[in-house]
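Next come the chains, spelled out residue by residue.
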Amino acid sequence: MAAVEEYTDTLNLKVAELLKEVQLDYSSSTTKTVNDAVLSIKECINKIPEDTQVTADLAPKFIRDIGADKVEFRFKRPKSIQIGGSYSFQCVVKPDVNVDLYIQLPKECFHEKDFLNHRYHGKRCLYLCLIKKYLESSSVAQKVEWSFFQNEARKPILVVYPAVKSAGLPGLSVRLIPTAESRFNVQKLNIERNNLHTLSEGVSEATPMYNNSVLEDMFMEQGAEFIKTTFTGWKALQEALVLLKVWARQRSSLNTHDSVNGYLISIIMAYLASESGKARLNKAMSVMQIFRITLDFIASSKLWGNGIFIKPQGGSDMPKEERKKYVKYFPVVLCDLSAHFNLAYRMTMGGLNELQAEAALALRCIDKCKEGGFVELFMTKVDFPAKFDYCMRLNLKGKTEVSAQGFCLDNECWRLYEDKVHSLLKEGLGDRVKSVRVTWQNATSTRCINDGLAELDKEPLTVGISLSLPDAYDRYTRGPFFGNKEEALKFRKFWGDVAELYQFKSGTRECVFWECKPAKRYLIIKNVTEYVLKRHLSLAEDKIMHAVDQLDFSLTCEGGDLASDGSLLESFGTLSKRLRLLSDVPLAISSVQPLDSAFRHTSVFPPRPHPLANGIKAGNRISSTCLPSMEVMIQLEGSGNWPMDDAAIEKTKAAFLLRIGECLEKDYGMKWCPSEEGVDVFLSGYVFRLKILHERGLELLNGQAESYQVKRVSPTDKYLFLRSQHSSMINGLAGRYPLYGPVVQLAKRWVAAHLFSASIMEEVIELVVAYIFQKALPFSAPCSRISGFLRFLRLLSEHDWMFTPMIVDINEDMTPDDEKEINDKFSLSRKAYEEGTGSIISAMYVATAYDKGSEAWTSSSPSITELKRLAAYAKSSSNLLTKLIMQGQQDSYGWECIFRTPLNNYDAVILLHRDKLPHPERLLFPSELNQGKLVAQGNASKTFQPYLLTKGSTKDLQDQLYINFDPLMCYVKDLESAFPNTFKLWYDSFGGDAIGLTWEKENLKKRKRDGEDDGGVAKSVLDMLKDVGKTGKGFVKSVHLLKVPK
């Protein structure tokens, strides 16, 4: 109970702080500023001369495009101008302070039948045009802009930025929203009536969307008064509304015209607090209780299917037949007090499904996440690129088919096109997807009032797709079985010539087969959507912009696939079997475990079989000189004859490994060779490096962490044990999440491309990505490489590394005691730093079940400085990636910039000869430097060549192979040995041709203390850099000094 109370107190404290930050301070100065701004606007409007003749000439193209006629009128002052919206009941959410000002249009400006044929909309716009003209000519406003009410192009509003300034209200704006209370006969706007006679053509067709558009203005003030009455004086309800607005604002897929907005949220809460809503909310509840009950209602109420009807106080329910009419015409029904108007008439079924899914995820966050999910609910950005697995943009600029029948019908043409795209994609993708979200936030251009509604096609239509695995990567789109003629006809009509009959075990059925390589199945969704959109909407390929495979260039070389071909696992299986069957080894081999990342599908460049490692020459072809070896850990059966001394144990291991190599050669004719780290065994074109875990290290596996034997485990065995534990866990995770491996590959490539190879080990990257999949909330686990990579970058940049440990529970078996132990160790690691008595141990604290103290991979690196630099790079890359997904063009350069690193961020740069790298083909971008001072230059050595031609005797060629040879790493070690504590080296271990240097500040301070002036320091630095070049003679191309230390 104490733990629950502590958790509640922590959440309430954080919520209170959040509310302080986002709520507007309704002080006397704030109120005065707003009142002064509103009063000045009122006075300006009231100065407009009465009976001014208003004609379509104020906005001729707008009037033409909405199809309005008879829009002339004589201006009369508004019947009333009053503040409404969130400001009126103190629920404005910063940073944007919008004050809604309801302009009640006078009855004298309208005729009885102006509800027909967009006349009301035309006069409404012209009324605002005149107000805008006078506001702009006065000193009341800094700026007056057009906007649109809920993205509805036929309902423009004015946004006024007052000239009145206040320090507490930097972003104050006043929205002028016309209302039309009691202007028309409500019965004439019944949802079954047709009020657009241009659509009739002899058939009376209902116009429910158009009718509700007019009714919305007629009942807006009434609805606002209902909300104000409910919320005023109820602090907990007000604060819960503010929290729900913050929650919704963080989710960009909800901030759309067809989903929820602040007004609808407040209506839902007012309903839940009313008699109609069975008083689910009452004044005895806390803020978080109200927040949760509202979310639960949104997520799971069955009323959404039957319609929500708010009956007048003391009034009677709407008849069942009337309710059915609303449900028939609208996918979502939320009727207001008058029972004449659906408040949610813009909401689509896709928008509702999205809202309910997000509400359900929010409830899971509250139940499962730390501190009630505060960070996940209110601080985490859930936008299109991170939420959806596939994002697509359709450039529809100038596409006449969108508005072929007119811009504004019963619904606007853009909304109709959204529905069309949504239904086509849902039908085409079927079981491959969980959801498809289509939005066209087109009403952003404010020029359309003057230039016409054709301006509104400039913004692209956005599609977000959440995948359902493994169905998403099925190469068949399966249709009806043979014999079902009616369904088969529909299937053929939809898919056209690509539909064929295919034979399956379950029978013959209509199918579409999508040809692709196994490693490229993630492109099937792209192929399906492109085909459907081209066939049914006649869209050109260059008008469809996908975010799917643009980053694949970073993982491929020589046109190869992104994944291993499976022969590696087959070779390992053969090796494992042979090792277990060896009979001439003194102790039998009990287990064989691969440790290399290639076996857990997280290697950036999975090894390929090398023709010379097979022992058989494969014709004349160019092959790599350098072969990577993959570590394999073996365990022997128990014995009491092992020596006790660590050095003796290592020599005994070496003797066993030599014996194993001899036996493999004798029994199976396998080539092997000894090395300092183990024995290298050649099989099927691969090289496996065998290592032995001593039985004393097995005590670690049994959890005897405090025993005397375990404390005497050698560092070598402990490191092997940690790697084996890590490899087992990650391998299991990769099996559960097919996209885990590709996301890790991108993450590793990005870290190396920005020269962080020395700062962060590959195991850390694997654990950070594992955290994204294991702790996915407030998202679902990523099902595409780009969305997973984006979340990795954001996690790196946004996680509070200084004050929060990252606990990666891969097997989901950690107990509260385990987490407490981790948190205690974390606090201890920060204590010395906070007290100023020491430095931070494990700045990047990543704890697992096998390493609760974060000692295995992050104890020494990255440092605080390196981690800050890494986070800054991650933030920059994530911002760029987000922009590319939502706005980027088809060209590749922008996507390449995510992996291009600026060399001017270093104090000195060493450029290497590209043709002396072990794998030149893996170089992403050749480094060029046109700044700084050239200190040293050198020619390339002729001793080492990264490629060889398989021509000549196989044995001679095999002698030219290098196992695990990397001249870059050799050079780095030489520099670290020759210049200790002088500079920090930054490099790309996957094939970069540049090394960055940054000066160690402590070394520079020591030089200053020794009496060396700035000139002396500069000279010694130049001399040192010349020596740096000499150390890498034959490998170093040039050395450049960018910044002289000060």
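Numbering of residues starts from 1 in every chain and runs along the sequence as written. Local features in a predicted model are, by the rule used here, given only for residues with pLDDT of at least 70; side-chain atom pairs are given and counted only at 80 or more, and totals for whole chains, interfaces and linings are based on all residues. Each side-chain value is derived from all of the structure's non-hydrogen atoms; neither hydrogens nor water enter the calculation.

What to know about the overall build of the chain
So, step 1. Numbering of helices and strands runs from the N terminus; a helix is a DSSP stretch of H or I covering at least four residues, while a strand is a stretch of E covering at least two. If you tally the helices and strands in the chain, you get 32 helices and 32 strands.
So, step 2. Relative to the 2.2 N^0.38 estimate, which gives 31 Å for 1046 residues, the radius of gyration of the chain is 35 Å and therefore close to what a compact globule would have.
So, step 3. Counting only C-alpha atoms, the chain reaches 105 × 85 × 65 Å along its principal axes.
So, step 4. Remark: exposure states derive from per-residue accessible area (1.4 Å probe, protein chains only) relative to the maximum for the residue type, with buried under 20%, exposed over 50%, and partly exposed in between. Each of the 1046 residues in the chain was classed as buried or not, and the buried ones make up 56%.
So, step 5. Any two residues whose heavy atoms approach within 4.5 Å are treated as being in contact. Of the contacts formed within the chain by residues at least 6 apart in sequence, a portion of 73% connects residues at least 24 apart.
So, step 6. Just so you have it, the chain exposes about 46200 Å², and 50% of that area is on carbon and sulfur atoms.
So, step 7. In this charge count, Lys and Arg are treated as positive and Asp and Glu as negative; neither His nor the chain ends contribute. By convention, the point assigned to a charge is CZ for Arg, NZ for Lys, CD for Glu and CG for Asp. Positive and negative charge centroids in the chain, built from 134 and 129 side chains respectively, lie 3 Å apart. To get the radius of gyration, use the C-alpha atoms; to get the globule rule, take the number of residues to the power 0.38 and multiply by 2.2 Å. Computed with the Shrake-Rupley method and a 1.4 Å probe, the accessible areas treat only the protein chains shown as cover for residues.

Focus on the sheet that holds strand 3 (residues 80-84)
One key point about sheets: their strands pair by backbone hydrogen bonds, in either a parallel or an antiparallel sense.
So, step 1. At least two bridges found by DSSP between two strands is the condition for calling them paired. Within the open sheet, the 5 strands sit side by side as 3-4-7-6-5. Their pairing is mixed. Sheet topology places strand 3 and strand 5 (141-148) at the edges, where each strand pairs with a single neighbour. Sheet twist, expressed as the mean angle between neighbouring strand axes with direction ignored, is 25°.
So, step 2. Pairing of strand 4 (residues 97-104) with strand 7 (residues 172-179) involves 8 bridges; the strand directions are parallel. If you follow valine 99 over to strand 7, its bridge partner there is valine 174.
So, step 3. The convention used is that axes are lines fitted to C-alpha atoms, helices contributing only their stretch in contact, and that angles between N-to-C directions extend from 0 to 180 degrees. Relative to strand 6 (residues 156-162), helix 4 (residues 119-137) is tilted by about 20°, and along the sheet it contacts strand 4, strand 5, strand 6 and strand 7.

Thoughts on the packing of aromatic side chains
So, step 1. We call Phe, Tyr and Trp rings a pair once their centres come within 6.5 Å, taking the six-membered ring for Trp, and we label the pair stacked below 30 degrees between planes, edge-to-face above 60, and tilted otherwise. What the rule picks out here adds up to 48 aromatic pairs.
So, step 2. With centroids separated by 6.3 Å and ring planes inclined at 55°, the aromatic side chains of phenylalanine 341 and tyrosine 345 adopt a geometry described as tilted. Of the two residues examined, phenylalanine 341 and tyrosine 345, each falls in the buried class.
So, step 3. With a centroid separation of 5.5 Å and 75° between ring planes, the pair formed by tyrosine 476 and tyrosine 502 is classed as edge-to-face. Of this pair, tyrosine 476 sits in strand 13 (residues 476-481) while tyrosine 502 sits in strand 14 (residues 499-504); the two residues are 26 residues apart in sequence, bridging distant segments of the chain.
So, step 4. Exposure remark for tyrosine 502: the relative accessible area of 21% places this residue in the partly exposed category.

What about the sheet that holds strand 15 (residues 507-513)?
So, step 1. Spatial ordering of the open sheet is given by 13-15-14, a layout of 3 strands whose pairing is antiparallel. The sheet is open, and its two borders are formed by strand 13 and strand 14, each paired with just one other strand. Taken pair by pair, the neighbouring strands of this sheet meet at an average axis angle of 40°, ignoring direction.
So, step 2. Bridge count for strand 13 against strand 15 is 4 bridges, and the pairing is antiparallel. What sits directly across from tyrosine 476, in strand 15, is phenylalanine 513.

Remarks on helix 6 (residues 235-249)
So, step 1. With 15 residues, helix 6 extends 21 Å between its outermost C-alpha atoms, agreeing within 8% with the 21 Å of an ideal straight helix rising 1.5 Å per residue.
So, step 2. Counting buried positions along helix 6 yields 13 of 15 residues, so the element is predominantly enclosed. What a helix should span is 1.5 Å times the count of its residues minus one.

Brief notes about the packing of helix 23 (residues 740-753) against helix 25 (residues 785-798)
So, step 1. Where helix 23 contacts helix 25, the axes come no closer than 9 Å and their chain directions differ by 50°. Accordingly, the angle class assigned to the pair helix 23 and helix 25 is oblique. In terms of crossing hand, the pair formed by helix 23 and helix 25 is right-handed. On the side of helix 23, the interface is formed by Pro742, Val743, Leu746, Ala747, Trp750 and Val751, while helix 25 contributes Arg785, Gly788, Phe789, Phe792, Leu793 and Leu796.
So, step 2. Polarity classes work like this: nonpolar for Ala, Val, Leu, Ile, Met, Phe, Trp, Tyr, Cys and Pro, charged for Asp, Glu, Lys and Arg, and polar for all others, with Gly in that last group. Across the contact of helix 23 with helix 25, the residue classes break down as 10 nonpolar, 1 polar and 1 charged. By the definition adopted for this analysis, an angle is roughly parallel if under 35 degrees, roughly antiparallel if over 145, roughly perpendicular if from 65 to 115, and oblique otherwise. For any pair of crossing helices, the crossing counts as left-handed if the nearer helix is rotated counterclockwise from the farther one by less than a right angle, and right-handed if it is rotated clockwise.

With respect to the pattern of salt bridges
It is possible for side chains bearing opposite charge to pair when their charged atoms get close.
So, step 1. Any carboxyl oxygen of Asp or Glu that lies within 4 Å of a side-chain nitrogen of Lys or Arg is treated as forming a salt bridge with it. Counted by the stated rule, this structure contains 56 salt bridges.
So, step 2. Among the ionic pairs, lysine 666 bridges to aspartate 584, the shortest N-O distance being 3.0 Å. Placement of lysine 666 in helix 19 (residues 646-668) and of aspartate 584 in the loop between helix 18 (567-581) and strand 17 (589-594) is noted, with a sequence separation of 82 residues between them.
So, step 3. Of the charged contacts in the structure, one is a salt bridge between lysine 653 and glutamate 650, with a shortest N-O distance of 3.3 Å.

Here we look at the nonpolar core
Here is a general trend for soluble globular proteins: nonpolar side chains tend to be buried in one another's company.
So, step 1. Nonpolar core, defined: a set of buried Ala, Val, Leu, Ile, Met, Phe, Trp, Tyr and Cys residues in which side-chain atoms within 4.5 Å join the residues together. Of all hydrophobic cores here, the largest spans 257 residues; its most connected members are Leu176, Trp247, Trp750 and Phe792.
So, step 2. Of all the elements, helix 6 adds the most residues to this core, at 10 residues.
So, step 3. Setting aside chain neighbours within four positions, we find tryptophan 750 in contact with Phe789, Phe792, Leu793, Leu796, Leu870, Tyr873, Ala874, Ser877, Ile898 and Phe899.

Concerning unusual backbone geometry
Residues apart from glycine generally show negative phi values, whereas peptide bonds are mostly found in trans.
So, step 1. The peptide bond linking lysine 94 to proline 95 adopts the cis configuration, its omega dihedral lying at 15°.
So, step 2. Take proline 95: it is sitting in the loop between strand 3 and strand 4.
So, step 3. In this chain, serine 861 is followed by proline 862 through a cis amide linkage whose omega measures 0°.
So, step 4. Structurally, the position occupied by proline 862 is in the loop between strand 25 (846-847) and helix 27 (864-887).
So, step 5. Even without being a glycine, asparagine 151 presents a positive backbone phi close to 65°.
So, step 6. The phi torsion at lysine 278 lies on the positive side, around 60°, for a residue other than glycine.
So, step 7. Mapped onto the elements of the fold, lysine 278 is located in the loop between helix 7 (262-272) and helix 8 (287-300).
So, step 8. On the basis of relative accessibility, which here comes to 68%, the residue lysine 278 falls in the exposed class.

Quick word on the side chain of arginine 183
So, step 1. Its place among the elements puts arginine 183 in the loop between strand 7 and helix 5 (208-231).
So, step 2. Despite its burial, arginine 183 pairs with no opposite charge, the nearest such side chain being glutamate 108 at 6.7 Å.
So, step 3. In the analysis that follows, any N or O atom pair within 3.5 Å is treated as a polar contact, provided that within protein one partner can donate a hydrogen and the other can accept it, and provided that, for residues neighboring in sequence, both atoms belong to side chains. From its side chain, arginine 183 meets the backbone oxygen of leucine 105 in a polar contact 2.6 Å long.
So, step 4. Discounting residues that sit within four places of it in the chain, arginine 183 has contacts with Lys79, Gln104, Leu105, Pro106, Lys107, Phe110 and Met218.

Focus on the side chain of threonine 179
So, step 1. Of note, threonine 179 is situated in strand 7.
So, step 2. The exposure class of threonine 179 is buried, given its relative accessible area of 0%.
So, step 3. Among the polar contacts listed, one links the side chain of threonine 179 to the side chain of glutamate 221, at a separation of 2.7 Å.
So, step 4. Residues contacting threonine 179, with those up to four places away along its chain left out, are Tyr102, Ile103, Gln104, Leu105, Tyr120, Asp217, Met220 and Glu221.

Comments concerning the environment of leucine 130
So, step 1. Its location among the elements puts leucine 130 in helix 4.
So, step 2. By relative accessible area, leucine 130 is classed as buried at 4%.
So, step 3. Here the alpha-carbon distance between leucine 130 and threonine 52, two residues 78 residues apart in the chain, equals 9.4 Å.
So, step 4. Apart from the residues lying within four places of it in its own chain, the contact partners of leucine 130 are Ile48, Thr52, Val54, Leu58 and Phe75.

Examining the confidence of the model for the chain
Detailed reading of predicted coordinates is not advised where the pLDDT is low.
So, step 1. For every residue, the predictor states its confidence as a pLDDT score lying anywhere from 0 to 100. Summarising the model, the chain shows a mean pLDDT of 88, and 91% of its residues fall at 70 or more.
So, step 2. Counting interchain partners and residues more than four positions distant, the pLDDT-below-50 stretch residues 1-7 has 3 contacts.
So, step 3. Below a pLDDT of 50 lies the segment residues 704-710, which in the model reaches 7 contacts outside its immediate sequence neighbourhood of four places, other chains included.

A word on the pairing of strand 20 (residues 629-636)
So, step 1. Across the 8 residues that make up strand 20, a large majority, 8, are buried.
So, step 2. With burial as the criterion, each face of strand 20 is covered, one bearing Ser629, Glu631, Met633 and Gln635 and the other bearing Met630, Val632, Ile634 and Leu636.
So, step 3. In this structure, strand 17 lies alongside strand 20, joined through 5 bridges in antiparallel fashion. Paired with proline 594 across the bridge in strand 20 is valine 632.
So, step 4. When strand 20 meets strand 23 (residues 686-692), the two strands line up parallel, connected through 6 bridges.

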